[in-house]
Amino acid sequence: MPLVADTGSGRLACIVVVCLNFAAVVTFDVDVATSDVSGSVVFNASLGPGWSYRFKRPGGDGCGLAALHLHPSLGHVTLRHRLSCVNGRRRCHPLSASVLATTDGRPANATLIPLRVIVHGRNCHLKHNYVHRTSDREQLVQAVVNRCLDAHSEVLSVSHFIPVALSECQHEYTIVDSGRRFIIDPHTGVIRTVATTCFSEAYDVVQGELTVTCLRPFQLSFRVLLHPSSDVVSDSDESSRNRLKRSTRNTPPHFPQGLYVKNVPEEQSPGFVIDTITAADPDTGSPGVLRYSLLATRDGRSQEMFAIDPVSGQLTTTKKLDRETMATHYFSLIATDQGSPSRSGMASLTINVDDVNDHRPMFESANYSISVLESVRTGTTVVTVRASDDDSGPNAKILYSILNPAGINGVFRMQPHIGSIITKLQLDRERHSFYRLRVQAVDNALVTDRKTATTIVEITVLDVNDNKPQFTESSYTFEVSEDIDPTSRPVIARIRATDADSGANGNIRYSIRGGNVQEVFVIDPLTGDLSILRALDYEKTSSYKLSIRAQDSGRPKKSNTTTVLIRVLDINDNAPKFYPTLYQKPIAENFPVGHSILDVHAYDDDSGRNAKLRYSIKNPPANLPLQIDGSTGVLRTTKRLDREKTPRYAFDVQVVDRGTPPLSATARVEITLRDINDNAPVFNPRTYQPVIAEETNPGSLVVMVTANDADEEENARVSYAITAGNERHMFSIISQMGLGLITLAKSLNYKEQSRYILTVTASDTGNLIDTATVFINITDANTHYPEFPSTPYTVHVDEDKAVGMGILVVHAKDDDEGDNARITYTLDPDDMFQIDPDRGEISVKQPLDRETIAGYTVSVTATDHGRPAKSDTTDVEIIVGDVNDNAPKFLKDMYRGRIIEGAPVGTSLLTVSATDADTGLNGHIRYTFEGGNSGGGDFALDPNLGILRSAKVIDREKTPRYELIAYAVDRGTPEKSTSVVINVDVEDVNDNRPEFPRPQMTLFIPENSPIGSTVGTLEAKDGDKGVNAKVEYSIAGGEDQDLFNLSYKPNEPAIITSLIELDYEGSRQEYHLIIRARSFHLFSDLRLTIKVQDVNDNMPLLEDFVIIFNNFKNHFPTGPIGKIPASDPDKHDELKYRFIGGNRANILRLDQRTGYITLDSRLNSDVPTNATLQVSVSGTIHLPSVYS
């Protein structure tokens, strides 16, 4: 009776026990049904990738090798033809064979797997006298190890030598004999050394047992041969249980290197030879003949650019390569021998395309137009030009230079490695306002191969208000006739100033800031034309000293002042005048001849020739004993007087000036002769001390003197005369109503003489006299204007100057004395500043803010205390100095930019720009990521221009969006800064191939599924986005590519469906496909295995059978004598057994689960017993756990 044990190999393995001989030997037994067709897989001896398989010869009967086929690389044992039994038995039943599995390459590991195939079906019965041989019934394992191993070192894992057919069962390992030098892990099968071990020259042996539990346990013996040297695969001799012999199998080709990296220059003609790569194959004949092929593994475009000679392995280009389009290509290099079956070896090949200098540098812009303030400091970066080169390495390194650096362009220099144009000298817009530079970019290739590019940089120098208006003259003097008609506002002078600045900085406005008494003059603010508003009068004001300001419109404003002296030209518009017009003079008749009787004096308000006078007696009476001095108007006697002849003389004195036409005036003179008396007049007081101003007009009364005479009537009439001290006839005296009126005859000059001492004589008609002394003190006339010695004034004051703090002291001098030289200062306007009226100190009145008003021009007027007062005006230019009280301010609250991933390093995205209301270093801004966020160093910011550039090659799949934080920092003390957010979106390019979760996958489908049934779904992920992430699926290959269909919808997984009927009990339980996921030219492949799952679609098979039992004395069996010979084509069915008739006496006992039969002890007799029993077998499928 056959006894059946499950090995978990997908079929039932039978352990044959002959009832007459109970010795049992364990091996890999395989059940085969006579219904199994050619090609059916009966055993999977696969140990995984990297193994080769062949039948060992000798190692089985000829029948087994004739009926079975072994796949050399997969390890699948299949039927060559359908098996059958004739007349109830087969020759060579069961079949036997040994599978020799070896690893690829040198040194090789090997294992010998013994098989026994038992055929089931009609007319196939095992007889009780069958005794199988026990040779070749243990698994041999040969492994190559290091000659010496440390204690506890791992030697090998026996589990690696167990066929895949048993992978789903539980294993328990034990060592039977190892000389106590090795131990084994009971669960993993890992053999380790107990102590430090060195192996012998031949081999060491480890014997053990493996208990395998699938549906039920069974044991397998194994023997491990440990070789310290390589490539020994031998059979055992007869005395050592068929040691493994040296193998003569078809060895797969082997490349010396697993990875080849080759370089090829770009732009070479097709057919360029890169290298020759060959593999080695120790086989001879066809198995040693190799053919080579290339397979692109990442980018489908690579396949069309390279070729390999299939015979020589010479690698060449098929197209002209462009490194800038595709710099690296990836291939699998395959060598396939011509053996049967053929074997192949594989290596990875990477081809780098080397750069040649085939691209010129390219500037970001064909020309640059830059504006820069002329006030920037030397060493300031004006602009940074940038060029890029699509080449790489030295061919892409760029040096910059200025091609026309001579002449005026010498104010700039170039930083050759950066491209920054820097000021070398101070700019001056007034000298040169525009520069045109030719800039060259040259790459760093070999001198003979260098390529260049040029661009034009136009630099416009912007004006700053660094020049004051300049008058055409340092001062102006004009003469104007006093009779000019003011009604038409005639222009009397043209004041002109120029400003070297431009724009508002050069727009000049004129104004009168001082000296414009009574608003006589007006100036056109745009042209500087000076006009008259009111009539001039030389006699009132003979000259004007105007302070004219020219001020530009810059920030801060700058101004300059000049002095305009206007001299009024006199015309003869004033007739001479007598004071008084009637002169009465009594004199004694004995008045001496030749003496002065009377000083007739006139004055003229004109000047010069118009004021020169000539006196004469108009129509003098006959025999007039008097004559008049034509220049002085002094009357003298020319003859002896005789009252008795002529007691009285009356006549007119005429004065005529020398103007054109001459003007005249007359005065009446009456001289009365009187008798002599004897009392002299007496002065009271006798001294006089009048004070007279220097500018007193001639004819003005200086002082009145009085003398009294005791006589009466005519003898008491007193007349007065200046008898001494009247130098240059500066004074005159007349007698009137008993008083002596001293008047000014000529203009005074304080500097020539400031005091006069006059002797005044009072005489009566009797020529009796008395004298008095008149001390005339001349006070200084206010003849000088106050003058500012330093005009105009310029002062710098910081905007944080405290209110009340002084900033400047102005001082005016006045050559006069006394009150005429005492000066009071006033300020206009006085809203922001104030001035001390006595000391001239200007101080801050209101808080300053340079950013609101950068400068002020105020007028300071110095006024003396003379009568009339005189004044001078000057401008004070107050420049408000900057303090760092303002932080930079970006022009935008946030910036947003885009960059294409993979763009060259240095690609510019955008420009951030900030302003600072401060000036100088306080307003000089630099841009930085310090303290902010540069995207982990992925971006850089030009510190001067604010240009944002990439600092690394950007990868969108790593970071799709950046939120950078940049700072604008001024250079004040302390620094002030402002941050701004820069959002950068990275635009996708198709640089990622679709990726499956794993390179290999397994799908399962139940047998008998209808055609078109879904096997499963597959999905590959693409790291790109948008259209670049669109994935297309296809079946790219595999031996079973025509048996299944693939369909998919956009953005959904691919669906695999069947095109054939699937039968687990048929010839195929596994199918192999290559699924390709493609995104444009990028792709990846998945090796897909489809396994057919068994379902319970077959009934158990059971035919009538006979049990013959011979009972030998004292040898009655107490254990199972056999098993019900039932089978089920469904490999995972669990059969249940039961008697349904004929066993009422229970003479046989049946294990319902295993089908084993044992005898009842009542049969232990010498009485023959015959019985017919009916047995029922039912099956229930139990699928093992499935793992992908």
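- Under an unreviewed UniProt entry, the protein has the name Cadherin domain-containing protein and belongs to Ridgeia piscesae.

Digging into the overall build of the protein
- Looking only at helices and strands, the protein has 1 helix and 91 strands in total.
- A compact globule built from 1188 residues would reach a C-alpha radius of gyration of about 32 Å, whereas the protein, at 67 Å, exceeds it by more than 25%.
- Over its C-alpha atoms, taken along the principal directions, the protein stretches across nearly 230 × 70 × 60 Å.
- Among the 1188 residues that make up the protein, the fraction classed as buried is 46%.
- Counting contacts in the protein only where the partners sit at least 6 residues apart, residues at least 24 apart contribute 69% of the total.

Considerations on the nonpolar core
- Phe43, Val77, Val99 and Ile191 are the most contacted members of the largest nonpolar core, which totals 49 residues.
- The element contributing the most residues to this core is strand β18 (residues 217–227), with 5 residues.
- Non-local contacts of Ile191, meaning those with residues more than four positions away in its chain, are made with Ser153, Glu154, Val155, Leu156, Val158, Phe182, Ile183, Ile184, Val206 and Val224.

Some details on the pairing of strand β58 (residues 731–736)
- With respect to burial, β58 is a largely interior element, 5 of its 6 residues being buried.
- In this structure, β58 lies alongside strand β59 (residues 739–744), joined through 6 bridges in antiparallel fashion. Bridging from a neighbouring strand, Ile734 pairs with Leu741 of β59.

Overview of unusual backbone geometry
- With an omega of 0°, the peptide bond between Tyr579 and Pro580 qualifies as cis.
- Locating Pro580 in the fold gives a position in the loop between β44 (577–578) and β45 (582–588).
- With an omega of 5°, the peptide bond between Asn684 and Pro685 qualifies as cis.
- Residue position: Pro685 is located in the loop between β53 (682–683) and β54 (687–688).
- Although it is not a glycine, Arg728 sits at a positive phi angle of roughly 60°.
- Looking at the secondary structure, you find Arg728 in the loop between β57 (719–724) and β58.
- Relative accessible area serves as the criterion here: at 41%, Arg728 is assigned to the partly exposed category.
- Although it is not a glycine, Asn1051 sits at a positive phi angle of roughly 65°.

Some words on a nonpolar patch on the surface
- Taken together, the side chains of Leu1102, Phe1105 and Ile1107 present a nonpolar region at the surface, about 210 Å² in accessible area.
- Residue position: Phe1105 is located in the loop between β85 (1101–1102) and β86 (1122–1123).
- Its relative accessible area of 31% is what places Phe1105 among the partly exposed residues.

Quick word on the packing of aromatic side chains
- One pass over the full model with this rule turns up 22 aromatic pairs.
- Ring geometry for Tyr1033 against Tyr1048: centres 5.4 Å apart, planes inclined by 70°, an arrangement best described as edge-to-face. A residue pair is termed long-range when its members are at least 10 positions apart, and Tyr1033 in strand β80 (residues 1032–1037) and Tyr1048 in the loop between β81 (1044–1047) and β82 (1054–1058) qualify at 15 residues.
- Of the residues examined, Tyr1033 reaches a relative accessible area of 7% and is grouped as buried.
- Their ring planes at 70° and their centres at 5.5 Å tell us that Phe1044 and Tyr1071 sit as a pair that is edge-to-face. Here Phe1044 is found in strand β81, whereas its partner Tyr1071 is found in strand β83 (residues 1070–1079), with 27 residues between them in sequence.

Some remarks on the sheet that holds strand β40 (residues 521–523)
- Taking strand neighbours across the sheet as the criterion, the 3 strands line up as β37-β41-β40 in an open arrangement whose pairing is antiparallel. Two strands in the sheet have a free side with no partner beyond their single neighbour: β37 (491–494) and β40. For this sheet the average axis-to-axis angle between neighbouring strands, irrespective of direction, equals 25°.
- When β37 meets strand β41 (residues 529–532), the two strands line up antiparallel, connected through 3 bridges. Looking at the pairing, Arg494 lines up with Asp529 of β41.

Some remarks on a negative patch on the surface
- Taken together, the side chains of Asp798, Asp800, Asp849 and Asp885 define an acidic patch exposed on the protein surface.
- Structurally, Asp798 can be placed in strand β62 (residues 793–798).
- Using a relative accessible area of 41% as the deciding quantity, one classes Asp798 as partly exposed.

Parameters at a glance
- Residues numbered from 1 in each chain as written.
- Predicted model: local features only at pLDDT ≥ 70, side-chain atom pairs only at ≥ 80, totals over all residues.
- Heavy atoms only, no water.
- Helix = DSSP H or I, 4+ residues; strand = E, 2+ residues; numbered from the N terminus.
- Rg over C-alpha atoms; globule rule 2.2 N^0.38 Å.
- Buried < 20%, exposed > 50% of the residue type's maximum accessible area, 1.4 Å probe, protein only.
- Contact = heavy atoms within 4.5 Å.
- Core = buried A, V, L, I, M, F, W, Y, C linked by side-chain atoms within 4.5 Å.
- Pairing = 2+ DSSP bridges.
- Patch = residues over 30% accessible without salt bridge, like charges linked within 9 Å, V, L, I, M, F, W, Y side chains within 5 Å.
- Areas by Shrake-Rupley, 256 points an atom, 1.4 Å probe, with all protein chains shown as cover.
- Salt bridge = Lys/Arg side-chain N within 4 Å of Asp/Glu carboxyl O.
- Phe/Tyr/Trp six-rings, centres within 6.5 Å; stacked < 30°, edge-to-face > 60°.
- Axes fitted to C-alpha atoms, helices over the stretch in contact; angles between N-to-C directions.
- Lys, Arg positive; Asp, Glu negative; His and termini not counted.
- Charge placed at Lys NZ, Arg CZ, Asp CG, Glu CD.

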